[in-house]
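Topology and contacts: notes
Take a look at the letters that make up each chain.
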Amino acid sequence: MARKIISERFDKKGNNTLEGYKSNGGYQSFDKLFAMKPDDVIDHVKRSGLRGRGGAGFPTGMKWSFVPKSTEKPKYLCVNADEGEPGTFKDRLILELDPHALIEGIIVCCYAVGIETAYVYIRGEYDYPIARFTAAVEEAYKAGLLGGNACGKGIKIDVVVHKGAGAYICGEETGLIESLEGKKGQPRPKPPFPAVEGAFACPTVVNNVETISALPWIINNGAETYASIGTEKSTGTMLFSISGMVEKPGVYEGEFGVNLWDFIEECTGGVKGGKKLKAVIPGGSSSAILTAEEARNTNLDYESIAAAGSMVGSGAIMVLDEDTSIVKALEVVLRFYAHESCGQCPPCRDGTYWLYEIVNRIRMGKGRPEDIDLLFSICPDMSGRTICVLADSAAIPTKSYLEKFRAEFEAAIDHANPPERRLEAGGVNPEARAL
Ligand code: SF4
């Protein structure tokens, strides 16, 4: 069930160095790569079915094909290593343990799309991954893999490591570009999309670390081989960061199409301490929650998780056991989004804050009888009305936690409003009203 493509070299000592990576089979895609025309490489990636591993799951080859072929402007690659979604911690392992795989993948992408400069935007908290990746880039320059005559092929490929300042919203592609340009990291309205007008108003490919790191394997082993792994529309494997109440949290690679709970159980040993499973958050904190039954009856691929009402997202799976308070879990999620809203759009700036405040008072034992309806009424006004999807990232979990675990919210509110006090206060606990 667990299958290694991306993580196959993670446990090999010294693999972070050029010498170690080469001795483990690295940098072997170039003969096949440069034997193809750039357009053929794009077609090859399309046929592999590789989808973006950063959250949206957009087909990678198709994204590349949106970049104009004949343009006077330079083209850029932005590798998104911001990895700010709560529960996600997979890309850091690539940066630390297999940095040359990312560099080799960058060379593949730059050659295919005709890009001369790649920016790798790494979140500011990742000091160690930044150091490991920067050292690998320096080695690649010294070896002639990067620079004015990259790989001895007469093409120019430069890699620039850019350290972010720790804002979640800079993981959104246009927020990342704004930040890279030295401005406030706030998302831009789309269109224009980055493929046409991205970094410095030039055509730009934005891809996640894991997506780019999969490219050497696809070139080496063939598009059809990659497409034969997983399911028809969710090809290949993905790294999943599994956290929460499991025996052995960590990063595990799995083939798409397996049963979600079987995969979690096989990798982590199941729920910690033999407790009962309550719920699974399958794709990071912005995804809809799945009940234990749904998690047991859903496969781990883009289509199956979507059919269950949630998403694969960034592959951040969080497991909640029978003792976990759903009210508290939602409060934590909403506190994060209220804090990280960049503030440009009122439905997001105000909506995330309102959702957090209401769930916070429910959790504090000061909830009001009308609070559940109030939360439900706020969510639709946040979804699809903003520049980026951060507002949805708060509204979607709110709606799903309330729908699937309503009784927990009602119990918390009932506790704040026992029947005798409701009569005294004309319907609600006066302390709750006073908040
Ligand atoms: Fe900023 Fe939120 Fe609007 Fe996104 S949705 S641009 S985070 S205010």
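Reading the values: rules and limits
Here, residues in each chain are numbered from 1, in the same order as that chain's written sequence. Given that the model is predicted, a residue must reach a pLDDT of at least 70 before its local features are reported, and side-chain atom pairs must reach 80 or more before they are shown or counted; all residues, however, enter totals for whole chains, interfaces and linings. The side-chain quantities take in all heavy atoms of the structure and omit both hydrogens and water. Per the convention used, a helix needs a DSSP run of H or I reaching at least four residues, while a strand needs a run of E reaching at least two, with both numbered from the N terminus. Throughout, exposure labels follow a simple rule: accessible area from a 1.4 Å probe, protein chains only, divided by the maximum for the residue type, with under 20% read as buried, over 50% as exposed, and the rest as partly exposed. Contact criterion: two residues are considered in contact whenever any of their non-hydrogen atoms come within 4.5 Å of each other. Polar contacts, as counted here, are pairs of nitrogen or oxygen atoms within 3.5 Å of one another; within protein the pair requires one atom able to donate a hydrogen and one able to accept it, and residues that are adjacent in sequence qualify only if both atoms are side-chain atoms. Patch construction takes residues with relative accessible area above 30% that form no salt bridge. Like charges are linked within 9 Å, and nonpolar side chains (Val, Leu, Ile, Met, Phe, Trp, Tyr) are linked within 5 Å. In these tables, accessible area is a Shrake-Rupley quantity obtained with a 1.4 Å probe, and a residue counts as shielded only by the protein chains included in the view. One speaks of a salt bridge when a side-chain nitrogen belonging to Lys or Arg is within 4 Å of a carboxyl oxygen belonging to Asp or Glu. Each domain span listed reflects an automatic or database assignment of domains. Throughout, the accessible surface (probe 1.4 Å) given up by two parts as they are put together, summed over both, is called the buried area. Residue polarity follows a fixed list, in which Ala, Val, Leu, Ile, Met, Phe, Trp, Tyr, Cys and Pro are nonpolar, Asp, Glu, Lys and Arg are charged, and the others, Gly among them, are polar. What makes a residue near a molecule or strand is one non-hydrogen atom of that residue sitting within 4 Å of it. Note on definitions: angles span 0 to 180 degrees between N-to-C directions of axes, and those axes are lines fitted to C-alpha atoms, for helices only across the stretch in contact. Should an angle fall under 35 degrees it is called roughly parallel, over 145 degrees roughly antiparallel, and 65 to 115 degrees roughly perpendicular, with every other angle called oblique. The hand of a helix crossing depends on one turn: near helix anticlockwise from the far one by less than a right angle means left-handed, and clockwise means right-handed. A strand pair is defined by DSSP finding two or more bridges across the two strands. Remark: nonpolar core denotes a set of buried residues (Ala, Val, Leu, Ile, Met, Phe, Trp, Tyr, Cys) joined through side-chain atoms within 4.5 Å.

Moving on, we get to the environment of lysine 190. For lysine 190, the location among the structural elements is in the loop between α8 (173-180) and β5 (204-208). In this structure lysine 190 comes out as partly exposed when scored by relative accessible area, which is 31%. Along the chain, lysine 190 and glutamate 173 lie 17 residues apart, while their C-alpha atoms are 11 Å from each other. For lysine 190, the residues in contact, after removing those within four places along its chain, are Glu172, Glu173 and Thr174. Reaching out from lysine 190, the side chain makes a polar contact with the side chain of glutamate 173 at a distance of 3.1 Å.

The next point concerns a nonpolar patch on the surface. A contiguous nonpolar patch, built from Phe58, Met62 and Phe66 and spanning about 270 Å² of accessible area, is present on the exposed surface. On the secondary structure map, phenylalanine 58 appears in the loop between α3 (38-48) and α4 (60-65). Residue class for phenylalanine 58 comes out partly exposed when judged on its relative accessible area of 34%.

Split by domain assignment, the protein resolves into domain 1 (18-227), domain 2 (237-321) and domain 3 (326-432). Between the C-alpha centres of domain 2 and domain 3 the distance comes to 25 Å. Contact with domain 2, which involves 13 residues of that partner, is made by 12 residues of domain 3. Counting the surface lost from both domain 2 and domain 3, the interface buries some 950 Å², and carbon and sulfur atoms represent 62% of this. The largest contributions to the domain 2 side of the interface with domain 3 come from Ser285, Ser286 and Ile289, which together make up 50% of the buried area. Linking domain 2 with domain 3 are 2 salt bridges, by the criterion used here. For lysine 278, the salt bridge is made with glutamate 408, and the minimal N-O distance between the two is 2.6 Å. For the side of domain 2 that touches domain 3, the secondary structure elements donating two or more residues are β9 (277-281) and β10 (290-291). Along the lines of polarity and charge, the residues of the side of domain 2 that touches domain 3 split into 7 nonpolar, 4 polar and 2 charged.

Taken together, Ile169, Pro187, Ser341, Cys342, Gly343, Gln344, Cys345, Cys348, Thr386, Ile387, Cys388 and Leu390 make up the full set of residues adjacent to the ligand. Residues of the shell around the ligand, tallied by class, amount to 8 nonpolar, 4 polar and no charged.

A few words now on the packing of helix α15 (residues 326-340) against helix α16 (residues 346-363). Contact geometry of α15 with α16 gives a least axis separation of 9 Å together with a crossing angle of 150°. By the criterion of interaxial angle, the relationship of α15 to α16 is roughly antiparallel. In terms of crossing hand, the pair formed by α15 and α16 is left-handed. Across the interface between the two elements, Val327, Lys328, Leu330, Glu331, Leu334, Arg335, Tyr337 and Ala338 from α15 touch Thr352, Tyr353, Leu355, Tyr356, Val359, Asn360, Ile362 and Arg363 from α16. Along the lines of polarity and charge, the residues of the contact of α15 with α16 split into 10 nonpolar, 2 polar and 4 charged.

This paragraph deals with the sheet that holds strand β2 (residues 117-122). If you walk across this open sheet you meet the 5 strands as β3-β4-β2-β1-β5, and the pairing is mixed. If you trace the sheet from one side to the other, it starts and ends with β3 (147-150) and β5, each paired once. Neighbouring strand axes in the sheet, compared pairwise and without regard to direction, differ in orientation by 25° on average. Two elements, strand β1 (residues 76-81) and β2, share 6 bridges in a ladder whose sense is parallel. Its bridge partner lying in β2, alanine 81 is registered against isoleucine 122. With respect to the sheet, helix α7 (residues 127-142) is in contact with β2, β3 and β4 (155-163), its orientation differing from that of β4 by roughly 160°.

With that settled, the discussion passes to the nonpolar core. If you look at the biggest cluster of nonpolar residues, it comprises 60 residues, and the most contacted ones within it are Leu77, Ile106, Ile107 and Phe133. Ranked by residues supplied to this core, first place goes to helix α6 (residues 99-113) with 11 residues. In this view, leucine 77 contacts Ile106, Cys109, Cys110, Ile115, Thr117, Ala118, Tyr119, Val205 and Ile212; residues no more than four positions away in its chain are not counted. Membership of the second largest hydrophobic core comes to 37 residues, among which are Ile362, Cys388, Phe405 and Ile413.

With that settled, consider the sheet that holds strand β7 (residues 250-255). Pairing is mixed across the open sheet formed by 5 strands, whose spatial order is β7-β6-β12-β9-β10. Two strands lie at the open edges of the sheet, namely β7 and β10, each paired on one side alone. Pairing between strand β6 (residues 237-244) and β7: 6 bridges, direction antiparallel. Directly across from threonine 237, in β7, lies its bridge partner glutamate 255.

Counted under the stated rule, the structure contains 29 salt bridges. Aspartate 371 serves as the salt-bridge partner of arginine 361, at 2.7 Å between the closest nitrogen and oxygen. Here the residue arginine 361 occupies a position in helix α16, and aspartate 371 occupies one in helix α17 (residues 371-378), the gap between them amounting to 10 residues. With respect to class, arginine 361 is no different from aspartate 371; both count as buried. One salt-bridge network, in which partners are shared between bridges, spans Lys63, Glu172, Glu173 and Lys190.

With that settled, consider α8. Along an α-helix, residues three or four apart share an orientation, since each turn contains 3.6 residues. The element α8 is largely enclosed, with a buried count of 8 among its 8 residues. Glu173, Thr174, Gly175, Leu176, Ile177, Glu178, Ser179 and Leu180 are the residues of α8 that are buried. Those residues of α8 that are buried are in contact with α4, β1, β2, β4 and β5. Positive backbone phi, approximately 90°, marks glycine 182, located one or two places after α8.

Positionally, aspartate 91 belongs in helix α5 (residues 91-97). By relative accessible area, aspartate 91 is classed as buried at 2%. What aspartate 91 contacts, discounting residues up to four positions off in sequence, is Asn80, Glu83, Asn208, Val209 and Glu210.

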